[in-house]
Number of protein chains: 2
Amino acid sequence: MQTKALNKQKEPLELFREKCRERGISITPQRVAIYSVLIGNQAHPSAETIYNRVKITFPDISIDTIYRTLSTFSNMGLVDEVEGYGEVKRYDPELKQHHHFRCKKCNKIVDFHEKSFDNLKIPKAIKEKFSVSNIKVVAEGLCDECL
Amino acid sequence: MQTKALNKQKEPLELFREKCRERGISITPQRVAIYSVLIGNQAHPSAETIYNRVKITFPDISIDTIYRTLSTFSNMGLVDEVEGYGEVKRYDPELKQHHHFRCKKCNKIVDFHEKSFDNLKIPKAIKEKFSVSNIKVVAEGLCDECL
DNA sequence: TGAACAAATCAGAATAATTCTTATATAATA
DNA sequence: TATTATATAAGAATTATTCTGATTTGTTCA
Ligand SMILES: [Mn+2]
Ligand SMILES: [Mn+2]
Ligand SMILES: [Zn+2]
Ligand SMILES: [Zn+2]
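Residue numbers here run from 1 along each chain, matching the order of that chain's written sequence. Key to labels: chains lettered from A, ligands numbered from 1, both in the order written. Given that this is a predicted model, residues contribute local features only at a pLDDT of at least 70 and side-chain atom pairs are listed and counted only at 80 or more, while totals for whole chains, interfaces and linings are drawn from all residues. Heavy atoms from the whole structure form the basis of all side-chain values; hydrogens and water molecules are not counted.

Trainee: Just give me the short version of the overall build of chain A, but keep the residues and values in it.
Mentor: The helix and strand tally for chain A stands at five helices and five strands. Its C-alpha atoms give chain A principal-axis dimensions of about 50 × 40 × 40 Å. Here chain A holds 147 residues, and 41% of them are scored as buried. For accessible areas, the Shrake-Rupley method is used with a probe of radius 1.4 Å. Any residue's cover is judged against the shown protein chains and nothing else. Just so you have it, chain A exposes about 8,600 Å², and 51% of that area is on carbon and sulfur atoms. Once the 24 positive and 20 negative side-chain charges of chain A are each reduced to a mean point, those two points are 2 Å apart. Starting at the N terminus, helices and strands are each numbered in turn, a helix being any DSSP run of H or I of at least four residues and a strand any DSSP run of E of at least two. Burial classification: accessible surface area is computed with a 1.4 Å probe over protein chains only, and a residue below 20% of its type maximum counts as buried, one above 50% as exposed, and the rest as partly exposed. All tallies of charge rest on Lys and Arg as positive and Asp and Glu as negative; His and the ends of each chain are not included. For this purpose, a charge sits on NZ of Lys, CZ of Arg, CG of Asp or CD of Glu.

Structure, rendered in structure tokens:
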């Protein structure tokens, strides 16, 4: 169990390094620190939130590096940007297909998985005209805390 | 046919006036002008876009009024804010349940209707904890022009 | 191991979208 | 028509994000 817990941290970081090498992208301490904060983070954090977390172990990091790095990660397919309503950008390290509940009041976003949503049939009219690469369901309402 | 075309403009505006009266919200020329631009607009326009259109007939309107009014309309349930990725806010006057295709490159948003998406079953775990008021499907990819 | 060089970072300035402030104007009401 | 609460315009302020330019660092390969 303990071994497993340790591996959990080791494994994704090694995969991260590999992906960087593949793409010819430098493995910098900043990038490792940012990626480490993202691993397993289910809160869909903003750049600011990530910045504050990273600063604990990396006090001199600049907010610009956070933004640039998240953009790089997004281009590499290491994180997704999350749908929102014109508030701040938020990022999602969960790459497996999944769906979101969003609280209209506090903007909390909660993941959920639902197999029956993973193969929804988009209407022909759309499919014929555009190339659809991913489909997701967004449920909205009020969360437990806001109710 | 001509009569119908004329009525198309008249009807929603009268409904608009009624809704304002119900809510005790003043019917100002600015609000009418902004609402008129929204009627039947399927492009999910931004505040800036709406501003430019309204200015044609209302040159002295201020951008702040556009934002304030759209926020008022949103609170009244006259428009929805559209999901996006941290770009500018966009608004949707279509209130019937529908779904979106979004181009990842040019951010074009296209409505589609699909009955089978209108009663998706959200997992118990979510439904039990939160109150879900609406569910939508977002398909993403590249539009015809960007392909 | 240690140049060489492209890439990445930092700090702070710049930009852009949105909101706020305040003085003035106006819609609703009686 | 006078009263009053609400809405507006203009421009300042704020905030998130991006850009710029000087400096540092990771990677490569001799
Ligand atoms: Mn997620
Ligand atoms: Mn729409
Ligand atoms: Zn909430
Ligand atoms: Zn496009």
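Trainee: Tell me about the protein's contact with DNA strand C, residues and numbers included.
Mentor: Neighbouring DNA strand C are 17 residues, the closest being A:Thr28, A:Thr65, B:Asp64, B:Tyr67 and B:Lys89. We define proximity as follows: a residue is near a molecule or strand when any one of its heavy atoms falls within 4 Å of that partner. The share of sugar and phosphate among atoms of DNA strand C within 4 Å of the protein is 77%. For the purposes of these results, a polar contact is taken to be a pair of N or O atoms within 3.5 Å, where, inside protein, one atom must be able to donate a hydrogen and its partner to accept one; residues adjacent in sequence count only when each atom of the pair is a side-chain atom. A:Gln30 is positioned such that a nitrogen or oxygen atom in its side chain is 2.9 Å from a sugar or linking oxygen of DNA strand C. The separation between a phosphate oxygen of DNA strand C and a polar main-chain atom of B:Lys89 is 2.7 Å.

Trainee: Give me empty space enclosed by the protein: which residues, what numbers.
Mentor: Note on definitions: the grid is 1 Å and covers protein atoms alone; a cavity is a set of points where a 1.4 Å probe fits but cannot get out; a pocket is an open set with protein on both sides within 12 Å along at least five of seven lines; lining residues have an atom within 4 Å of a point. Grid points are joined across faces, edges and corners, and a volume is the space filled by probe spheres set on the points. For the structure on display, the rule yields two cavities of 30 Å³ or more. Approximately 50 Å³ is the volume attributed to the largest cavity. What lines the largest cavity is a set of 13 residues, among which A:Val82, A:Gly84, A:Val88, A:Lys89 and A:Arg90 lie closest to the centre. The nonpolar class holds Ala, Val, Leu, Ile, Met, Phe, Trp, Tyr, Cys and Pro. Asp, Glu, Lys and Arg form the charged class, and all remaining residues, Gly among them, are polar. The residue makeup of the lining of the largest cavity, split by class, is four nonpolar, four polar and five charged. Taken as a whole, the second largest cavity spans an internal volume of roughly 40 Å³. Every residue along the wall of the second largest cavity is listed here: A:Gly84, A:Tyr85, A:Gly86, B:Val82, B:Glu83, B:Gly84, B:Tyr85, B:Gly86, B:Glu87, B:Val88, B:Lys89 and B:Arg90.

Trainee: Could you give an account of the coordination of the zinc ion (ligand 3), naming the residues involved and the relevant values?
Mentor: All names here are of chain A. With distances of 2.2 to 2.4 Å, the protein atoms coordinating the zinc ion (ligand 3) are Cys103 (SG), Cys106 (SG), Cys143 (SG) and Cys146 (SG). Around the zinc ion (ligand 3), the four donor atoms are arranged such that angles at the metal cover 106 to 114°; this shape is classified as tetrahedral. In the primary structure, the donors to the zinc ion (ligand 3) are separated according to the pattern C-x2-C-x36-C-x2-C. The buried category is assigned to cysteine 103, whose relative accessible area is 0%. The donor set covers N, O and S atoms within 2.8 Å of the metal, switching to 3.2 Å for Na, K and Ca, and it leaves out water, so a site may look short of donors. Four donors are marked tetrahedral only if all angles between them lie between 85 and 135 degrees, whereas four are marked square planar and six octahedral if opposite donors are more than 155 degrees apart and the other angles lie between 65 and 115; the remainder are marked irregular.

Trainee: I'd like a rundown of the protein's contact with DNA strand D, residues and numbers included.
Mentor: In the vicinity of DNA strand D lie 17 residues, with A:Asp64, A:Tyr67, A:Lys89, B:Thr65 and B:Arg68 positioned nearest. Taken together, the sugar and phosphate atoms account for 78% of what DNA strand D places within 4 Å of the protein. In this structure, B:Ser62 approaches DNA strand D through a main-chain N or O atom, which is 3.2 Å from a phosphate oxygen. Taking B:Asp64, its side chain carries an N or O atom lying 3.5 Å from a base nitrogen of DNA strand D. Counting residues per element, the ones that place at least two in the surface near DNA strand D are helix H4 (63-76) of chain A together with helix H2 (29-38) and helix H4 (63-76) of chain B.

Trainee: Give a detailed account of the relation of the copies chain B and chain A, specifying residues and quantitative values.
Mentor: A residue counts toward the fit only if its pLDDT is at least 70 in both copies, and the copies are then superposed by least squares on the C-alpha atoms of those residues. Once turned by 180° and shifted 0.0 Å along the axis, chain B lies on chain A with an RMSD of 0.1 Å. Those values place the two copies in the arrangement expected of a two-fold rotation axis. Only heavy atoms matter for contacts: two residues are in contact if any of them lie within 4.5 Å across the pair. Of the residues that chain B buries at the interface, 100% are likewise interface residues in chain A, meaning the two copies contact each other through the same surface.

Trainee: Outline the environment of A:Gln97, supporting the account with residue identities and numerical values.
Mentor: All names here are of chain A. With respect to the helices and strands, the residue glutamine 97 is situated in the loop between strand E2 (91-92) and strand E3 (99-103). Taking the C-alpha atoms as reference points, glutamine 97 and phenylalanine 112, 15 residues apart in sequence, are found 9.5 Å from one another. Once residues within four sequence positions are removed from consideration, glutamine 97 is found in contact with His113, Phe117, Asp118 and Ile135. Within the structure, the side chain of glutamine 97 is placed 3.0 Å from the backbone oxygen of isoleucine 135, a separation counted as a polar contact.

The quantities given are spatial measurements derived from coordinates; they are silent on function.
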